[in-house]
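# Close look at the chain arrangement
One-letter residues, chain by chain:
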Amino acid sequence: NYKFFDRLIEDGAQFITRSTTQTRYEVIKSRPLDPAHPEILSDQIIRLGTAKSRTRMTHLTRRIELQTESEVLVFLAGNLKRGAWDICEDYRIRWDIEPFFRWFKSGIGCRRSLGYSLNAAEHTFWAALVVRSEERRVGKECRSRWSPYH
């Protein structure tokens, strides 16, 4: 069911996700490839789902195949205008941020946000940074052999 992706596009949000081998789709158009990025194997405008299925997506989507050193990655994106390489880079950059969120959740024990509004998310973020900076300051002052900062 692709209603979630349809709703994201209707709300003006962007998404980039990995596709699975079971993903069914109809190719609407193949886009020309940029010779500057031979690692992009295909760039297509598609419709997720099939005509027979009830899960067919209303909006069009991008399907991009990227050859890495070890495997072929297939991305689905809601942006029909940006370059294929830019979309692949956005996905890579997303994973550069992931260690921060891993630390945020487990390193300082912030498993839950203070709420779901933007204001609550900002307060949670700033509180976590204050806690982390205080941890480091106190740890540097504490020259105990048990301190992770000694």
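Source: prediction; values computed, not measured.

## Observations regarding the pattern of salt bridges
- Counted by the stated rule, this structure contains 6 salt bridges.
- Of the charged contacts in the structure, one is a salt bridge between D43 and R31, with a shortest N-O distance of 3.1 Å. Taken together, the residues D43 in strand β3 (residues 40–48) and R31 in the loop between β2 (25–30) and β3 connect sequence positions 12 residues apart.
- When the shortest N-O distance is used, the salt bridge between R62 and D43 registers 2.8 Å. Remark: D43 occurs in strand β3 and R62 occurs in strand β4 (residues 61–67); sequence separation between them is 19 residues. Per residue, the accessibility class of R62 equals that of D43, and both read buried.

## Details of the confidence of the model for the chain
- For the chain, per-residue confidence averages 84 on the pLDDT scale, and 87% of positions sit at 70 or higher.
- Of all secondary-structure elements in the chain, the lowest mean pLDDT belongs to helix α3 (residues 118–141), at 78, while β4 reaches the highest, 97.

## Quick notes on a nonpolar patch on the surface
- Residues I93, I97 and F101 make up a contiguous nonpolar surface patch of about 260 Å² in total accessible area.
- Looking at the secondary structure, you find F101 in helix α2 (residues 84–107).
- F101 sits in the partly exposed class, given a relative accessible area of 41%.

## A few points about the packing of aromatic side chains
- Tallied over the full model, the rule gives 4 aromatic pairs.
- Seen from their ring centres, Y2 and F5 are 6.5 Å apart, and the 25° between their planes marks the pair as stacked.
- We classify Y2 as buried; its relative accessible area is 17%.
- Taken together through their ring pairs, the aromatic side chains of Y2, F4, F5 and F15 make up a single cluster.

## Quick look at the sheet that holds strand β5 (residues 72–77)
- With antiparallel pairing, the 5 strands of this open sheet are ordered in space as β1-β5-β4-β3-β2. Pairing within the sheet leaves two strands with one partner each, and these edge strands are β1 (16–18) and β2. Ignoring which end each strand starts from, the neighbouring axes of this sheet average 35° apart.
- Across 6 bridges, β4 lies against β5 in antiparallel orientation. In the strand pairing of β5, E65 is matched with V74.

## Digging into the pairing of β3
- Taking burial as the measure, the 9 residues of β3 include 8 buried ones, the bulk of the element.
- Judged from the 5 bridges that link them, β2 and β3 form a sheet pairing that is antiparallel. Paired with Y25 across the two strands is L48, which belongs to β3.
- Where β3 lies against β4, 6 bridges are found, and the strand directions are antiparallel. Bridging from a neighbouring strand, S42 pairs with E65 of β4.

Conventions adopted
Residue numbering note: each chain is counted from 1, following its sequence as written. The predicted nature of this model means local features are confined to residues of pLDDT at least 70 and side-chain atom pairs, given and counted, to a pLDDT of 80 or more, with totals for whole chains, interfaces and linings taken over all residues. Each side-chain value is derived from all of the structure's non-hydrogen atoms; neither hydrogens nor water enter the calculation. Salt bridges, as used here, are contacts in which a Lys or Arg side-chain nitrogen is within 4 Å of a carboxyl oxygen on Asp or Glu. The numbering of helices and of strands both runs from the N terminus, where a helix is a DSSP run of H or I of at least 4 residues and a strand a run of E of at least 2. Working definition: with a 1.4 Å probe on protein chains only, accessible area under 20% of the residue-type maximum means buried, over 50% means exposed, and in between means partly exposed. The pLDDT value tells you how sure the predictor is about a given residue, anywhere from 0 up to 100. Only residues whose relative accessible area exceeds 30% and that take part in no salt bridge are eligible for patches, with like-charged residues grouped when within 9 Å of each other and nonpolar side chains (Val, Leu, Ile, Met, Phe, Trp, Tyr) grouped when within 5 Å. Each accessible area is a Shrake-Rupley estimate made with a 1.4 Å probe; only the visible protein chains count as cover when residues are assessed. Here is the rule: rings of Phe, Tyr and Trp (six-membered ring for Trp) pair when centre to centre is within 6.5 Å. Planes less than 30 degrees apart are stacked, more than 60 are edge-to-face, and the remainder are tilted. Should DSSP find at least two bridges between two strands, the strands are taken to pair. The axes used here are C-alpha line fits, helices contributing only the stretch in contact, and every angle between their N-to-C directions lies in the interval 0 to 180 degrees.

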